[in-house]
Amino acid sequence: MKYVVLIGDGMADEPLEELDGMTVLQKANTSNMDYLAKRGRAGFAQTVPEGMHPGSDVANMSIVGYDPKKYYTGRSPLEAASMGVELEKDDVAFRCNLITIKDDMIADYSSGHITNEEAKELIEIIDVELGDEKVQFYPGISYRHLMVGKKGLGANTECVPPHDVIDENRFEHMPKGEDSELICELTEKSMKILKDHPVNLKRIEEGKNPGNSIWLWGQGYAPAFTPFGELYGLKGAIISAVDLVKGIGIYAGLDVIEVPGATGYLDTNYLGKAEYAIDALKDHDFVFVHVEAPDEAGHMGNMNAKIQAIEDFDEKVVGTVLKAAREMEEDVTIMVLPDHPTPIALRTHTSNPIPVAIYCTSETAFDNADAFNEESVKKGALGTVYAADLVRKLIDGEWAQ
């Protein structure tokens with residue numbers, strides 16, 4: 001048996017008046033995911049344990065088969081692993097967003113999805129000006145970067161994700177608690193450094209949002225994972241353009257497969273991800289494929305972009321994998337799900353259970369679900385499953401019983 005898990009980040013949503021009470025999943029053309037739901041088993045998965053923040057880190061960790069209540073230490077250590085930054089025992093890794101602040105309002109958590117090249121220039125000057133024996137900065141991808149605090153610096157500081165407070169006054173959401181004075185000071189100094197940087201002046205001239213401030217959040221120490229092969233007895237791989245998801249794979253001992261043109265945005269190489277996943281099944285038992293685009297559209301509050309991202313995911317990723325799986329000599333189990341909802345109306349994550357469908361090329365495990373969306377899966381036979389148990393249920397075949 002081979003296993004493929006297809007994750008459409010943030011696909012789940014809530015009913016919208018503009019769609020006559022439907023969700024974007026109900027509105028979108030999702031014929032391939034609908035097929036999986038009709039020909040397999042459907043239900044809900046609780047990806048975010050009670051009391052934990054509904055971040056993509058927590059949710060995807062659950063889906064990969066690691067209970068966040070046991071393994072989670074923070075978002076940024078996962079991203080550090082993907083970036084090749086090794087953390088010492090007392091190092092604290094922070095996500096360092098490049099954001100846009102206008103009139104003291106947090107206007108854009110991504111600086112208009114700033115390019116890698118532009119962002120690298122900005123983070124490098126930040127490290128030159130602000131880096132010292134206490135903190136160091138590392139460039140990442142687009143708006144997503146890394147700061148490492150030494151000797152436990154900032155481990156207990158209370159920080160807020162910038163995508164949770166769009167269009168709100170920054171002073172109401174500055175870091176609080178232990179070490180917050182230094183973290184706030186870094187933010188203030190970054191604004192002075194970046195304000196007139198040539199990269200930002202050029203972006204403003206072109207009508208784009210500048211990366212005129214850093215924003216620190218999601219910190220933690222390096223986690224200790226039991227290897228996936230040791231936990232589940234199978235060889236696995238993971239495909240994603242997002243550092244935190246790749247970081248989960250690295251800590252889990254999964255092979256991280258890089259796909260050309262995978263951007264973590266609406267223009268990502270959907271088809272390439274599917275094709276690389278199919279190829280990976282030749283020498284792997286388990287492949288996870290993560291697509292960020294629906295989540296980005298949700299954070300933007302762009303309903304049409306989210307519908308398009310879901311349809312692209314369905315056609316180019318799910319459809320391609322499904323077609324190949326049905327042509328393989330070996331049996332293949334496919335699971336499709338979001339990691340969490342990113343409702344258009346809220347522009348941030350929620351911890352509600354998400355729809356899930358599981359299909360196997362050799363099983364006839366039908367139930368009453370007739371489509372893949374939040375309403376239809378209520379009729380599915382899976383009920384509500386704790387997401388960290390899903391990998392084991394797939395392997396044991398318990399989902400089909």
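Residues numbered from 1 in each chain as written. Predicted model: local features only at pLDDT ≥ 70, side-chain atom pairs only at ≥ 80, totals over all residues. Heavy atoms only, no water.

If you check an unreviewed UniProt entry, the chain appears there as 2,3-bisphosphoglycerate-independent phosphoglycerate mutase from Methanolobus vulcani. UniProt lists a comment for the chain under the heading Catalytic activity (unreviewed entry), and it reads "(2R)-2-phosphoglycerate = (2R)-3-phosphoglycerate". (UniProt positions renumbered as here; feature names shortened; annotations may be inferred.)

Engineer: Pulling in residues and values, what's your account of the pattern of salt bridges?
Structural biologist: Evaluated as defined, the whole model comprises 22 salt bridges. Across the salt bridge formed by K120 and E124, the nearest N and O atoms sit 2.5 Å from each other. One end of the pair is K120 and the other is E124, both in helix α6 (residues 116-130) and four residues apart, which spans about a single turn. We classify K120 as partly exposed; its relative accessible area is 41%. You can call E124 partly exposed: its relative accessible area is 38%. With a shortest N-O distance of 3.4 Å, K379 and D370 are connected by a salt bridge. Taking the relative accessible area as the measure of exposure, K379 reaches 42% and is therefore partly exposed. (Salt bridge = Lys/Arg side-chain N within 4 Å of Asp/Glu carboxyl O. Helix = DSSP H or I, 4+ residues; strand = E, 2+ residues; numbered from the N terminus. Buried < 20%, exposed > 50% of the residue type's maximum accessible area, 1.4 Å probe, protein only.)

Engineer: I'd love a proper account of a negative patch on the surface, names of residues and values included.
Structural biologist: Together, E329, E330, D331 and E363 line one region of the surface with negative charge. As for its position among the elements, E330 is in the loop between α13 (303-327) and β11 (332-337). Residue E330 is classed as partly exposed on the basis of its relative accessible area of 44%. (Patch = residues over 30% accessible without salt bridge, like charges linked within 9 Å, V, L, I, M, F, W, Y side chains within 5 Å. Areas by Shrake-Rupley, 256 points an atom, 1.4 Å probe, with all protein chains shown as cover. Lys, Arg positive; Asp, Glu negative; His and termini not counted. Charge placed at Lys NZ, Arg CZ, Asp CG, Glu CD.)

Engineer: An account of unusual backbone geometry is requested, with residue identities and associated values reported.
Structural biologist: Despite not being glycine, D20 shows a phi value in the positive range, around 55°. At D103, a residue that is not glycine, the phi angle is positive and equals roughly 50°. Along the chain, the position of D103 falls in the loop between β3 (92-102) and β4 (105-108).

Engineer: I'd love a proper account of the nonpolar core, names of residues and values included.
Structural biologist: L6, M33, L36, F313, I334 and V336 are the most contacted members of the largest nonpolar core, which has 46 residues in total. In terms of residue count, the dominant contributor to this core is α13 (10 residues). The residues contacting V336, other than those within four sequence positions of it, are L6, M33, L36, F313, V318, P355, V356, A357 and F372. The next biggest cluster of nonpolar side chains, apart from the first, holds 39 residues, and it includes I238, L244, L337 and L390. (Core = buried A, V, L, I, M, F, W, Y, C linked by side-chain atoms within 4.5 Å. Contact = heavy atoms within 4.5 Å.)

Engineer: Which residues make up the packing of aromatic side chains, and what values go with them?
Structural biologist: One pass over the structure, following the stated rule, counts 11 aromatic pairs. An angle of 15° between the planes, with centres 5.0 Å apart, marks the rings of Y3 and F286 as stacked. Here Y3, found in strand β1 (residues 2-8), pairs with F286, found in strand β10 (residues 286-291); they are 283 residues apart in sequence, far enough to count as distant. Overall, the relative accessible area of 7% leaves Y3 in the buried class. A residue is classified by how much of its surface remains accessible, and F286, at 0% relative accessible area, is buried. For the pair Y66 and Y71, a centre-to-centre distance of 5.1 Å together with 80° between the ring planes defines the contact as edge-to-face. Here the two residues Y66 and Y71 agree in accessibility, since each one is buried. An aromatic cluster of three or more residues is present, and its members are Y3, F228, Y232, F286 and F288. (Phe/Tyr/Trp six-rings, centres within 6.5 Å; stacked < 30°, edge-to-face > 60°.)

Engineer: Explain the pairing of strand β12 (residues 354-360) residue by residue, including any values.
Structural biologist: Taking burial as the measure, the seven residues of β12 include seven buried ones, the bulk of the element. Because side chains alternate across β12, one face comprises the buried residues I354, V356, I358 and C360, and the other comprises P355, A357 and Y359, equally buried. Note: strand β2 (residues 41-46) against β12, five bridges, orientation antiparallel. Following the sheet pairing, R41 is matched in β12 by I358. Where β11 lies against β12, four bridges are found, and the strand directions are antiparallel. Each bridged residue has a counterpart across the sheet, and for V336 the counterpart in β12 is A357. (Pairing = 2+ DSSP bridges.)

Engineer: Tell me about the sheet that holds strand β9 (residues 255-257), residues and numbers included.
Structural biologist: The eight strands are arranged β9-β8-β10-β1-β11-β12-β2-β13 in an open sheet whose pairing can be described as mixed. Every interior strand has two partners, whereas the edge strands, β9 and β13 (384-386), have only one. Across the sheet, the axes of successive neighbouring strands diverge by a mean angle of 25°, strand direction being ignored. The strands touched by helix α3 (residues 56-63) are β1, β10 and β11; relative to β1, the strand with the most contacts, the crossing angle is about 160°. (Axes fitted to C-alpha atoms, helices over the stretch in contact; angles between N-to-C directions.)

Engineer: For the packing of helix α12 (residues 293-300) against α13, give the residues involved together with the corresponding values.
Structural biologist: Running from amino to carboxyl end, α12 crosses α13 at an angle of 175°, the nearest separation of the two axes being 8 Å. By the angle between their directions, the pair α12 and α13 is classed as roughly antiparallel. Counting all contacts with α12, which are made through A293, P294, A297 and G298, the residues of α13 involved are A305, K306, A309 and I310. (Parallel < 35°, antiparallel > 145°, perpendicular 65-115°, else oblique.)

Engineer: Explain α6 to me, and be specific about the residues and the numbers.
Structural biologist: Over its 15 residues, α6 runs 20 Å from end to end, which matches the ideal 21 Å to within 8%, given 1.5 Å per residue. The set of residues buried in α6 consists of E118, A119, L122, I123, I126 and L130. Buried residues along α6 cover an arc of 120° about the axis, so they all sit on one side. Those residues of α6 that are exposed and aimed more than 90 degrees away from the buried face are E117 and V128. (Expected span 1.5 Å × (residues − 1). Arc of directions from axis to C-beta.)

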